[in-house]
Amino acid sequence: PSQDDGGELIGTIRWFISPLNWNRVRETIWKDAQANVGLYVMITILITLLFAIQGRFRHNLTRIAEVTARSTCREFLPTVRAAVLTAILALAWPALPAFFAWRLLSDASASPFALAVGEGFLAVTMGSLTLNLLRQLCRPSGLGLAHFEWSANAVRLLRSKIYRLMLVLLPLLFVETVLHAHDNPLVLDSLERLVFVVSLIVLALFQYRVLHPRTGVFRDYLAANTSNLPFRLTWMAFWAAILLPLTLATLAIIGYFYTAYELSWRLHVTTWVLIALLVLRAFLIRWFVVSHRRLRIEQARQRRQSLAEEAQAETGSSGIPKPATQETAVDLQEVSQQTQRFIDSGLAILGLVVIWFVWVDVLPALGILDRWGLWPTTVEATVERTDEDGRLSFITEPQIEWVTVADVLIAILLTALTFTAASNIPGLLEITILQRLPLEPASRYAFRMVGRYVIVVVGLVLATGAIGIGWAQVQWLAAALTVGLGFGLQEIFANFVSGLIILFERPVRIGDVVTIGDVTGSVSRIQIRATTITDWDRKEYIVPNKEFVTGRLLNWTLSDTTNRVIINVGVAYGSDTEQARKLLLETAHAHPNVLDDPPAIATFEGFGDSTLNLLLRCYLPNLENRLDTVTDLHEAIDRAFKEANLEIAFPQTDLHIRTMPGRDSPPAD
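Residues numbered from 1 in each chain as written. Predicted model: local features only at pLDDT ≥ 70, side-chain atom pairs only at ≥ 80, totals over all residues. Heavy atoms only, no water.

Moving on: the overall build of the chain. Check the secondary structure of the chain and you find 22 helices and ten strands. A buried classification covers 38% of the 669 residues belonging to the chain. In the chain, 70% of the contacts between residues at least 6 apart in sequence involve partners at least 24 apart. A total accessible area of about 39,500 Å² is found for the chain, and carbon and sulfur atoms account for 62% of it. (Helix = DSSP H or I, 4+ residues; strand = E, 2+ residues; numbered from the N terminus. Buried < 20%, exposed > 50% of the residue type's maximum accessible area, 1.4 Å probe, protein only. Contact = heavy atoms within 4.5 Å. Areas by Shrake-Rupley, 256 points an atom, 1.4 Å probe, with all protein chains shown as cover.)

Laid out in structure tokens, this is it:
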């Protein structure tokens, strides 16, 4: 710097610390206090109360942390309470400069320096609020450690470094904002530039200590992820965080102060957007964890209840079974993966959109994307028209608009978001809404599938609309598809409509045991074109949805899982059929899986060629133990008939020889 720059700097410092300027600020506040005594007394009491209750709030945070540390905690409310307490703790110190900023900026008669001081207090309020809020998140029993499961070393380091940063950066921010807000042409920007450069150097030192891969907040993360990619990305982010503020400081020193200032505040906004997204992700992951835990506990409870009912049925103490459908439980691992992918993808896209709007006015490369036309499109627009009598009317007429590169990028972004949401939204819907509604699992599955279809349709409509492809442009395609449906696509369209009918009418549901044609098995998947049936050999049959709607279908578990077993027994001629029927009924009543209501029935069906045909009809509560029960009944009937000396006959054939070799006449009978 030259000698003139040094003189300007000293003159600006003298002007800034001039008692005349600060006396005007003091007089402005004193006059406002005399005119609003009640307001000042009330604010003083409120700020004092904020400091007084901090100890109690810290104790409450510790108690909440103990509750959330339990493995049985399945409520998100403690995290919400901790967030409210953290916000109140963070408001104590920023409340004081916020009040003075409000009073100074609301005084129309205040001097320009007093108004600039008000802007400085406002900047200190925003800076201290954000930094103190992040610092309160890193309390020993705060949200970061007890709820978000952040690394203890990272939380401890971040909390201590933020405190030191606030002590140095907030006074610099105050001075810089006051100098920047003052419009006095006699005040030069030498001091503002110096404070700006010092602030950036302080910020670079803070980021060096906090973000260093070996000693910073990512130390534990890199120790747990030893792969090469996270290590390289962390080092790249570290050097970018160090070099960016130093580069802006260099620009300010060599004379590009306005450019550096504009870029710096956008860089700060981008940083706080990323921090806000990380905190929001932590809240969403915490909510997902407790919801996932609640769902897992509920499934375990239902599993124990199901096992207890099965044990009760095996002891023969169960009466009339309750109609129930066999439904597959929610795959918690799949739901977990879907929800986390959706959260990460949604926040990433949200961050890109926000950062786009922050930087689009600064970087010409971003702004030119909206001016680079690719192809024209016709849209219907409503315009104003004035007739000869001066009356205003609105008419709709076609207009030519150009599709730009920005529109194509938006369409690509919408398409990516659509397919990401369609593939991951079922798990999120299951945890957020469907599990809280009194719906059967089959109904929840139908809602998930229909929701996926709706998301795909809406997303594709928005994406195509962004690049100028509307109904007017695709009418010919719709007509072609209509003709195609009448020829080669009618089966695909019929299967699609049949899939929707299956989801809403529910003739079959996930987990139902069905017989269609010669295939019997359990329904494992219902998709847009076909339904998958898994038979007892674990083979998967892909059946078009049309077969379930237009063909013959046997659903063993549609409304009642009770099923009948028929056992055929043939006894020899001359046997006591009444005794045989009695043994059949006794065998059925003795088996624990056979129901008493409807009762078992044993009938004498008729006279066969070699046997007297008897029939045992009995009922089982479900299909789970059907094969075992049939086997047990067969063995029990065989033992009972042997003990009673009742012969279970088999087909017999008498052979009469009419002619013997070497004899002319047949033997006599």
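The end-to-end C-alpha separation of helix H6 (residues 92–105) is 21 Å, in line with the 20 Å expected for 14 residues at 1.5 Å each. Among the residues making up H6, those that are buried are Ala 92, Pro 94, Pro 97, Phe 99, Ala 101, Arg 103 and Leu 104. For H6, the secondary structure elements touched by its buried residues are helix H2 (19–35), helix H3 (37–52), helix H4 (54–68), helix H5 (77–90) and helix H7 (112–137). (Expected span 1.5 Å × (residues − 1).)

Running from N to C, H5 and H7 cross one another at 135°; their axes reach a closest spacing of 9 Å. In terms of orientation, H5 and H7 fall into the oblique class. In this structure, H5 crosses over H7, and the sense of that crossing is right-handed. Within the contact between the two elements, H5 uses Thr 86, Ala 87, Leu 89 and Ala 90 and H7 uses Leu 129, Asn 132, Leu 133, Gln 136 and Leu 137. (Axes fitted to C-alpha atoms, helices over the stretch in contact; angles between N-to-C directions. Parallel < 35°, antiparallel > 145°, perpendicular 65-115°, else oblique. Left-handed = near helix turned anticlockwise from the far one by under 90°.)

Of all six residues in strand S5 (residues 530–535), six are buried, a share of seventy percent or more. Side chains Ala 530, Thr 532 and Thr 534 project from S5 onto one buried face, and the interleaved Thr 531, Ile 533 and Asp 535 project onto a second face that is buried too. In this sheet, S5 lies alongside strand S4 (residues 519–526) in antiparallel orientation, the contact comprising five bridges. Paired with Gly 521 across the bridge in S5 is Asp 535. The hairpin turn running from S4 into S5, its antiparallel successor, is three residues long. Alignment of S5 against strand S6 (residues 540–544), held across five bridges, turns out to be antiparallel. By the bridge assignment, Thr 532 is partnered in S6 with Ile 542. Following S5, the chain reverses through four residues before pairing antiparallel with S6; Arg 538 in that reversal takes a positive phi of roughly 65°. (Pairing = 2+ DSSP bridges.)

Excluding glycine, a negative phi dihedral is what most residues carry, and trans is how most peptide bonds are arranged. Here the bond from Asp 597 into Pro 598 is cis, since omega is 5°, no more than 30 degrees from zero. Topologically, Pro 598 is positioned in the loop between helix H21 (577–590) and strand S9 (601–607). At Glu 149, a position not held by glycine, the phi torsion is positive, near 60°. Summarising the element assignment, Glu 149 is placed in the loop between helix H8 (143–147) and helix H9 (152–181). At Asn 645, a position not held by glycine, the phi torsion is positive, near 60°. Within the secondary structure, Asn 645 sits in the segment after helix H22 (626–643).

On the basis of which strands lie adjacent, the open sheet formed by five strands has the order S6-S5-S4-S3-S7 and antiparallel pairing. Strand pairing shows two members of the sheet lacking a second neighbour, S6 and strand S7 (554–555), which therefore form its edges.

Our next topic: the pattern of salt bridges. Scanning the model with the defined rule gives four salt bridges in all. Of the charged contacts, one joins Asp 638 and Lys 642 as a salt bridge, the two residues approaching to 3.3 Å between their closest N and O atoms. Taken together, the residues span about one helical turn, with Asp 638 and Lys 642 both in helix H22 at a distance of four residues. What makes Asp 638 partly exposed here is its relative accessible area of 31%. Note on Lys 642: relative accessible area 57%, which makes it exposed. (Salt bridge = Lys/Arg side-chain N within 4 Å of Asp/Glu carboxyl O.)

The next subject is the side chain of Ser 264. On the secondary structure map, Ser 264 appears in helix H13 (residues 257–314). Here Tyr 261 takes part through its backbone oxygen, which lies 2.7 Å from a polar atom of the side chain of Ser 264. (Polar contact = N/O pair within 3.5 Å; in protein donor to acceptor, adjacent residues only side chain to side chain.)

Close reading of the predicted structure is inappropriate where its pLDDT is low. Scored by pLDDT, the chain has a mean of 78; 75% of the residues are at 70 or more. Below pLDDT 50 for its whole length, residues 313–329 participates in 34 contacts with residues either more than four positions away or in separate chains. (pLDDT = per-residue confidence, 0-100.)

Now for the sheet that holds strand S10 (residues 612–620). Pairing within the open sheet is antiparallel, and its three strands lie in the order S8-S10-S9. A strand with exactly one partner marks an edge of an open sheet, and here the two such strands are strand S8 (563–571) and S9. Averaged over all pairs of adjacent strands, the angle between strand axes in this sheet comes to 25°, irrespective of strand direction. Two elements, S9 and S10, share six bridges in a ladder whose sense is antiparallel. What sits directly across from Thr 603, in S10, is Leu 615. Across the face of the sheet, H22 comes into contact with S8 and S10 while running at roughly 25° to S8.

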